[in-house]
Amino acid sequence: ITESRSHHRGLIFGIIKQCYLRYIKISLELMRPKAVITFIDNSGTFGWMAKNCGNFPFIAIQNGSRHSFQASPNSEYYVPHYFCFGEHEQNLFPKLGYKVDHFYPVGSLAASQNLLPEEQVEEKYDLLVISTWRGDIGFQQNVQDTMRSMKIMDQLLAKYLNEHDIKAALIYRSERDSENWIIPEIGLSEEEYYQDIYGDTIEHIETDITIRNIFPLMQQSEMVISCLSTAAIEAYGLGKKTLFCNLTGTDLYHQDIDNEILTKDKEYFSFCGVLNRIFSMEQEEYIKEHRERMRFYMNFESETSVEVR
C-alpha cells in the first residue's frame with residue numbers, strides 16, 4: 001500500500017500499477033525464462049521486476065544517452081546486468097542515484113547492427129546535421145531551451161553552408177506523420193522547420209527507424225554536428241569528427257559532454273572558426289587527439305571502429 005500511495009497520480013493509479021506489476025511478476029515466474037532482456041534500459045517496470053524477481057537474471061541494453069538534467073532525485077532505475085555504451089555511464093550513474101550491479105561497456109548495439117561493411121563505406125558528405133527536434137512532448141522549459149539552441153545552431157549553419165563549398169546532409173529525428181512530426185506550440189512540422197531555415201542548401205533526409213538509416217549516413221560523413229543527440233555520441237565512438245552545440249546560455253543540459261567536443265559560440269565568425277579548425281584536421285590527427293575520449297563514451301570493440309582502438 002505504501003508504494004501505491006507514493007504514485008505521482010494518486011492512490012487509485014498506484015493500486016492499478018501495483019496490480020499490473022504483480023501480474024507481470026507472476027507471469028514471468030510461471031514462464032521461468034533463462035533471462036529477461038530489455039532494450040528499454042530506463043523502464044521503471046523492468047527495474048521493479050529486477051528488484052522483485054530473483055529467480056533469473058535481468059539484462060538491459062542501453063538505448064540512449066542518460067543526461068544528468070533528466071535524472072529524478074528519487075530514481076527507481078535499477079539494472080542488475082547493464083550492457084552500456086562506455087565507461088562514461090559507470091562514472092555517471094552512481095552520481096545520479098542509478099543502481100547497476102554489473103556494467104559491461106560494449107558500445108552501441110543499435111549502431112553495431114546497422115553499420116555498413118567497411119568495404120561498402122564511401123564518404124558522401126562533408127557534414128551531417130543530426131536533428132534534435134523534440135516533438136509533441138509538451139513545451140516545458142527544457143524543450144523551449146533546447147529548441148531555441150537548435151534554431152540558433154541551424155541558422156549559423158545555414159549561413160556557413162551558403163558561404164562555403166560544403167556537401168552537407170540533414171537527417172530528421174521523427175518519422176513523417178508520426179506523433180512527434182509536429183510541435184503544436186510552434187505550429188510547424190519538422191520538415192517545415194528545416195525548410196524555412198536551410199532551403200536547398202542541404203540535403204534533407206527522412207529518418208527510417210526500420211532500417212536505422214542514420215548509421216550508414218554517419219559512416220558516409222566526415223563530420224557530424226548536433227545539439228544533444230545520442231547518435232552524435234555513437235558517431236564519435238566510431239571515429240567521426242563530432243561537435244555538440246550548446247547555445248542555451250546554461251551548462252545544465254550539456255554538463256555530461258566533454259568540452260573538447262562542445263562549442264558555446266553564438267557569434268558567427270567564432271562559430272565558423274570552430275568548424276574550420278575541425279575540418280582542417282587530418283582524420284589521423286583527430287583520432288590521435290580524441291582516441292581515449294571516444295572509447296570513454298562509446299567502447300566499440302569491432303572492425304568498424306578499428307581506427308579508435
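One structure accompanies this document, and this report is about it. (Residues numbered from 1 in each chain as written. Predicted model: local features only at pLDDT ≥ 70, side-chain atom pairs only at ≥ 80, totals over all residues. Heavy atoms only, no water.)

**A look at the nonpolar core**
- Tyr198 and Ile225 are the most contacted members of the largest nonpolar core, which has 71 residues in total.
- Here the element with the most residues in this core is helix 6 (residues 141–163); it accounts for 9 residues.
- Ignoring anything within four residues of it in the chain, the contact list for Tyr198 reads Val129, Asp154, Leu157, Ala158, Leu161, Leu170 and His204.
- Formed by 21 residues, the second largest nonpolar core is a distinct cluster that contains Leu28, Ala50, Phe58 and Leu96. (Core = buried A, V, L, I, M, F, W, Y, C linked by side-chain atoms within 4.5 Å. Buried < 20%, exposed > 50% of the residue type's maximum accessible area, 1.4 Å probe, protein only. Helix = DSSP H or I, 4+ residues; strand = E, 2+ residues; numbered from the N terminus. Contact = heavy atoms within 4.5 Å.)

**Considerations on the state of the cysteines**
- Enumeration according to the criterion identifies 0 disulfides in this entry.
- There is no disulfide at Cys245, and the cysteine sulfur nearest it, in Cys227, is 5.8 Å away.
- Cysteine Cys272 shares no disulfide, and the gap to the nearest cysteine sulfur, in Cys245, comes to 12 Å. (Disulfide = S-S within 2.5 Å.)

**Details of the sheet that holds strand 6 (residues 168–171)**
- Taken in spatial order, the 6 strands make up an open sheet running 9-6-5-10-11-12, and their pairing is parallel. Of all strands in the sheet, those with a lone pairing partner are strand 9 (203–205) and strand 12 (262–263), marking the two edges.
- Of the strand pairs in this sheet, strand 6 and strand 9 are connected by 3 bridges, and their pairing is parallel. For Ile171, the partnering residue across the bridge sits in strand 9 and is Ile205.
- Helix 6 rests against strand 5 (125–130), strand 6, strand 10 (221–226) and strand 11 (241–245) of the sheet, and its axis sits at about 160 degrees to strand 5.
- The sheet strands contacting helix 9 (residues 230–237) are strand 5, strand 10 and strand 11, and the helix crosses strand 11 at an angle near 155 degrees. (Pairing = 2+ DSSP bridges. Axes fitted to C-alpha atoms, helices over the stretch in contact; angles between N-to-C directions.)

**Quick word on the packing of aromatic side chains**
- Per the stated rule, a full pass over the model turns up 19 aromatic pairs.
- For the pair Phe46 and Phe58, a centre-to-centre distance of 5.5 Å together with 70 degrees between the ring planes defines the contact as edge-to-face. In this pair, Phe46 is assigned in helix 3 (residues 44–52) and Phe58 in strand 2 (residues 58–61), connecting sequence segments 12 residues apart.
- For Phe46, a relative accessible area of 7% puts it in the buried group.
- Exposure remark for Phe58: the relative accessible area of 2% places this residue in the buried category.
- With centroids separated by 5.6 Å and ring planes inclined at 35 degrees, the aromatic side chains of Phe56 and Phe58 adopt a geometry described as tilted.
- Judged by its relative accessible area of 9%, Phe56 is buried.
- Cluster of aromatic residues (ring-pair linked, three or more members): Trp133, Tyr172, Trp181, Tyr193, Tyr194 and Tyr198. (Phe/Tyr/Trp six-rings, centres within 6.5 Å; stacked < 30°, edge-to-face > 60°.)

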